[in-house]
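Close look at the chain arrangement
Each chain, letter by letter, is given below.
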Amino acid sequence: MKNKKTSKEIMLQYIYDYGVAKTCNILDITPEELDAFLNPPIEYIYIHNNNYKDLPINSMVASVIANNYDELY
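Now for a quick tour of the structure. Chains are numbered independently. Their residues run from 1 in the order of the written sequence. Where local features are concerned, this predicted model is filtered to residues with pLDDT of at least 70; where side-chain atom pairs are given and counted, the filter is 80 or more; whole-chain, interface and lining totals use all residues. Heavy atoms throughout the structure, all of them, feed into the side-chain values; hydrogens and water do not.

**Quick word on the packing of aromatic side chains**
- Two rings from Phe, Tyr or Trp (for Trp, the six-membered ring) form a pair when their centres are within 6.5 Å of each other. A pair whose planes differ by under 30 degrees is stacked, one over 60 is edge-to-face, and the rest are tilted. Summed over all chains, the structure comprises two aromatic pairs.
- Centre to centre, the rings of Y14 and Y18 are 5.8 Å apart; their planes meet at 40°, and the pair counts as tilted. Here Y14 pairs with Y18, and both are found in helix α1 (residues 8-18), just four residues apart, close to one helical turn.
- Its relative accessible area of 26% is what places Y14 among the partly exposed residues.
- On the accessibility criterion, Y18 (44% relative accessible area) is partly exposed.
- The interplanar angle of 15° and the centroid separation of 5.9 Å between the aromatic rings of Y69 and Y73 together place this pair among those described as stacked.
- Three labels apply to residues, based on accessible area from a 1.4 Å probe with only protein chains included: buried if under 20% of the type maximum, exposed if over 50%, partly exposed otherwise in between. Given a relative accessible area of 76%, Y73 falls into the exposed group. Counting from the N terminus, the helices are the DSSP runs of H or I reaching at least four residues and the strands are the DSSP runs of E reaching at least two.

Structure below.
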């Protein structure tokens, strides 16, 4: 039978109830794996952040928006 993946909330509840050492024993993981799961590196969090191309700023459009901001808002 395949093990179900534990969510972050469940892991945090285990840590709150049992502490880090017993949680690692219960889930059969090392403290380093637990830390990596709870605090992933920045590269994995923002993996899709720059998948668009920058558009040039049109000064005419910017001035129309600035002059009519209250009506547009």
